[in-house]
Amino acid sequence: MTETKPAPTLLGAGVDRVDGLSKVRGEAPFPSDVTYPRLAHAALVRSTIAAGRISRITTRAAEDAPGVLAVITHQNMPTLERGPATLIGPSPVSPLQDDQVFHHGQYVAVVVAESLQQASAAAELVDIEYEVAAGVLDLDDPRGELRVDPWRSGARRGDVEGALASAEVTFEASYSTAANTNNPIGLFTTVAAWEGDTLTLHDSTQWTANVRTTIAALFGLPEESVRVHAPFLGGGFGAGLRVWPHVVIAAVAARVTGRPVKLELSRPQMFTGIGYRPATQQTVRLGALRTGQLVALQHHATIAIGIVDENPEPVTLISHSAYACPNVDVRDDERRLNIPPPGPLRAPGAAQGTFALESALDELSYKLGMDPLELRLRNYAEVDAHSGLPWSSNALRDCYAVGAERFGWAQRNPEVGSMREGSWQIGYGVASLSYHWWQVRCEARATIGRDGTAFVRSSANDIGTGTRTVMTQLSAELLGLGLPDVGFDLGDSTMPWSPAAGGSGLTTSLGVAVDDACRSLRGKFLELAVQGPDSPLAGCSSDDVIVSGGRLHRKGDPGVGESYAEVLARHGLDELSADGLGTPPDPAQTGLALSPPFAAKFAEVRIDADLGILRVARLLTVVDAGRILNEKLARSQIVGGTIGGIGQALFEETSFDPGTGRIANATFGDYLIPVSADVGDVDVAFVGQPDPLTPVGTKGVGELGLPGTAAAIANAVYHATGRRLRSLPITIEQLY
């Protein structure tokens, strides 16, 4: 069927969230709101050592406590294999399988009781003795197993060592980033209910399909016997992408007790149980001509990982194709430590890697005596280094130009420490950034009923980014309906399969599937509409008909046609549905590289020369993310990510006690995050065009606000003070 509207523009209407009212009224059902008749509650018991084994565990006092239904330990836990590998990596190790302890806070028992208070009180009665082993807690500790390029993500081209030896200017430095914890507001909760061999889970997840597949495999069930509900999530930032041990424990507890069971993590348990951004140590070596052209780039990283975990987080991949450089060597190693298993946190890998790369580029610019922005422009990558193909779309040059003009980069005095206002030292910094391209297979279904309204659905999750809203907008546009006439539902594993809400890939993956479903549904209606002698569109071809206002009508003559409802009524149908499938494009067929989103980040900092107080006065992000379906929500994503970047730069550090491995700041009272007073002016601008490789034209935007923020701030700090800070977070102690 022909297009109903002209080609999409860059910016879509910034309509309000379609689920906004239900959230502010308290009507949106989050997992923690779910209840059942005879609902039991679970409380976890966590290890108090970082390494060793359980030598004795006594549960009699807990079992005899009021209201207790069961106490589960490694001694009576069902034997479970490790869950299957997923699109983003292996599953975590199944819980309570033996007496080994690998980190402080590891689950060693669970108590199930009639009430949460009874379960929590009884959990205190579980008596455990340990054989304590020496823990390995530091990235520098050689006792920790070093896994060299375990995911084969390293990449090389050219001769880096030779190019460095012959380069006119060289630079080398090491950078470090602290562990950061996701800390969504909503405490992760799982409610498990069995009915025979059928399991229903209400879970704080970003990927219902993955929970269903993993739990079904662990319990030896067909996937159709597991149903996962997650219509709303109180924030995730990547924490909900893996099936964490507490989900498995909740399902086991419900089966053992024969009762529905709710397991809600406490805030300290959120620090040890659902992943976090791992700490890194990185070294960057650069070689360049005096003109600024890069001739060599080496970026190596060592990343913290748990003793038995397998979590891929490539930090250096961002450097492989970020700039035009003939000789490149990137590699990610992992060191096993007695720490909780890490996991994705907004812009995983890129958040840490961009800090090192963009700081190093800034340092090189000063060594060359060149404007930091000019250095980046001289090394702009015209093609994708991986494939050698031209980008499907790349407006990074526009990001630089629009950003420099909007920020006032020309007013920057290049001399370090030269810009002051009273006692305040002022610095400008810039960073370039991108996030990898991510689109995978996705399914959706579109239905129009006798009342003329549409219902579109997929098992995808809306983690607060606005997926419901943008997919409602897209469906309405494709079906020629108003927003009030379209409902979009998600967060149920029985709906058509969807990938995770993560990696800045869901909007494109799901959008292509929704596009296919809606176009197919329009085609089905057209086939019906032209049938029969009494049809006003009899004899019309697809080229003669368009859809608008809920009607199929002749081009140029809106009065000749039928509404969706009239077509269904004439054929005696209650509804009509169509399935859609979205698949990623193949560069071999298109001749174009799959283009990620790009952005440029500009920062202004002010530092009190007497007190060492650091303020981020301004942050500007100029974004090329292809088509923006909803300008308001996309802008909100960039603003939120930028504030997360301020946290990474100045505040956030998950602190492990060096003696015990205990996380010493596992509360909101101790773990610092930015508040309103820490956030200056945050500006966002969009440039570029819809990406041509998909019918939707999007490239992803959710991760793009965070990477580069810390580097731009650190670069601005150097410009203001002459102090080059190579570790995060930046503290007053580092400044003075």
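The structure under discussion appears in the preceding block.
Chemist: Help me understand the overall build of the protein, please; the structure alone is not making it clear to me.
Modeler: Within the protein, the secondary structure is distributed over 17 helices and 29 strands. Overall, the C-alpha framework of the protein stretches about 85 × 75 × 50 Å when taken along its three principal axes. Put simply, the protein has 736 residues, and 60% of those count as buried. Within the protein, contacts between residues at least 6 apart in sequence are counted, and of these 81% link residues at least 24 apart. Carbon together with sulfur atoms contributes 51% to the accessible area of the protein, which is approximately 26900 Å² in total.

Chemist: I would appreciate a short explanation of the packing of aromatic side chains in the present structure.
Modeler: Describing an aromatic ring pair means giving the distance of the ring centres and the angle of the ring planes. Counted according to the given criterion, the structure contains 12 aromatic pairs. Both rings, one in Phe407 and one in Tyr428, keep their centres 5.0 Å apart while their planes meet at 70°; by these two values the pair is edge-to-face. With Phe407 in helix 10 (residues 396-407) and Tyr428 in strand 18 (residues 424-434), this residue pair connects regions lying 21 residues apart in the sequence. For Phe407, a relative accessible area of 4% translates into the label buried.

Chemist: Just checking my understanding: could you explain the sheet that holds strand 21 (residues 486-489) for this structure?
Modeler: Strands in a sheet are paired, the pairing made by backbone hydrogen bonds, and the direction either parallel or antiparallel. If you walk across this open sheet you meet the four strands as 21-20-19-25, and the pairing is mixed. Lying at the two open borders of the sheet, with one neighbouring strand each, are strand 21 and strand 25 (575-582). Each strand of the sheet is rotated relative to its neighbour by a mean of 15°, with strand direction disregarded. Across the sheet, helix 11 (residues 467-479) touches strand 19 (442-449), strand 20 (454-457) and strand 21, and the angle it forms with strand 21 is around 135°. Here helix 12 (residues 506-529) sits on the sheet and contacts strand 19, strand 20, strand 21 and strand 25; the angle it forms with strand 25, its principal contact strand, is near 140°.

Chemist: What should I look at first to understand the nonpolar core in this one?
Modeler: Nonpolar side chains in soluble globular proteins tend to end up buried together. Counting residues in each nonpolar core, the largest one holds 84 residues, and the members touching the most others are Ile215, Val514, Phe525 and Leu552. No other element matches helix 12, which puts 12 residues into this core. For Val514, the contacting residues outside a window of four places in its chain are Ala444, Val456, Met471, Leu474, Ser475, Leu478 and Phe488. By size, the runner-up hydrophobic cluster in this structure holds 67 residues, among which are Leu375, Tyr380, Phe602 and Val616.

Chemist: Looking at this structure, I do not really get the pattern of salt bridges. What am I missing?
Modeler: Opposite charge on two side chains permits them to pair, given that their charged atoms come into close proximity. What the rule picks out here adds up to 42 salt bridges. Put simply, Asp19 and Arg468 hold a salt bridge, and the shortest N to O gap is 3.4 Å. A residue pair is termed long-range when its members are at least 10 positions apart, and Asp19 in the segment before helix 1 (20-24) and Arg468 in helix 11 qualify at 449 residues. For the pair Asp19 and Arg468, a shared accessibility class is recorded, and that class is buried. Between Glu145 and Arg336 there is a salt bridge, with its nearest N and O atoms 3.4 Å apart.

Chemist: So what exactly am I meant to see when it comes to unusual backbone geometry here?
Modeler: Negative phi is the rule for most residues except glycine; trans is the rule for most peptide bonds. A cis geometry characterises the amide bond from Leu728 onward to Pro729, with omega recorded as 5°. Here Pro729 lies in the loop between strand 29 (727-728) and helix 17 (732-735). A positive phi angle, near 55°, is found at Leu96, a position not held by glycine. Residue placement: Leu96 occurs in the loop between strand 3 (68-73) and strand 4 (100-101). For Leu96, a relative accessible area of 6% gives the class buried. At Asn183, a position not held by glycine, the phi torsion is positive, near 55°. We classify Asn183 as buried; its relative accessible area is 10%.

Chemist: Sorry, what's going on with the packing of helix 5 (residues 208-219) against helix 6 (residues 245-257) here?
Modeler: As a packed pair, helix 5 and helix 6 sit with axes 11 Å apart at the nearest point and diverge in direction by 50°. Looking at the two axes, helix 5 sits oblique to helix 6. As helix 5 packs across helix 6, the resulting crossing turns out to be right-handed. Residues Val211, Ile215, Leu218 and Phe219 of helix 5 form the contact with helix 6, whose participating residues are Val247, Val248, Ala251, Val252 and Arg255. Of the residues assigned to the contact of helix 5 with helix 6, the class counts are eight nonpolar, no polar and one charged.

Chemist: In this structure, what is going on with the environment of Asp362? I would like to understand it.
Modeler: Looking at the element boundaries, Asp362 is found in helix 8 (residues 350-368). Taking the relative accessible area as the measure of exposure, Asp362 reaches 2% and is therefore buried. When the C-alpha atoms of Asp362 and Tyr718 are compared, they prove to be 9.4 Å apart, with 356 residues separating the residues in sequence. Leave out the neighbours within four places in its chain, and Asp362 touches Pro372, Arg376, Asn715 and Arg724.

Conventions and cut-offs
- Residues numbered from 1 in each chain as written.
- Predicted model: local features only at pLDDT ≥ 70, side-chain atom pairs only at ≥ 80, totals over all residues.
- Heavy atoms only, no water.
- Helix = DSSP H or I, 4+ residues; strand = E, 2+ residues; numbered from the N terminus.
- Buried < 20%, exposed > 50% of the residue type's maximum accessible area, 1.4 Å probe, protein only.
- Contact = heavy atoms within 4.5 Å.
- Areas by Shrake-Rupley, 256 points an atom, 1.4 Å probe, with all protein chains shown as cover.
- Phe/Tyr/Trp six-rings, centres within 6.5 Å; stacked < 30°, edge-to-face > 60°.
- Pairing = 2+ DSSP bridges.
- Axes fitted to C-alpha atoms, helices over the stretch in contact; angles between N-to-C directions.
- Core = buried A, V, L, I, M, F, W, Y, C linked by side-chain atoms within 4.5 Å.
- Salt bridge = Lys/Arg side-chain N within 4 Å of Asp/Glu carboxyl O.
- Parallel < 35°, antiparallel > 145°, perpendicular 65-115°, else oblique.
- Left-handed = near helix turned anticlockwise from the far one by under 90°.
- Nonpolar A, V, L, I, M, F, W, Y, C, P; charged D, E, K, R; others polar.

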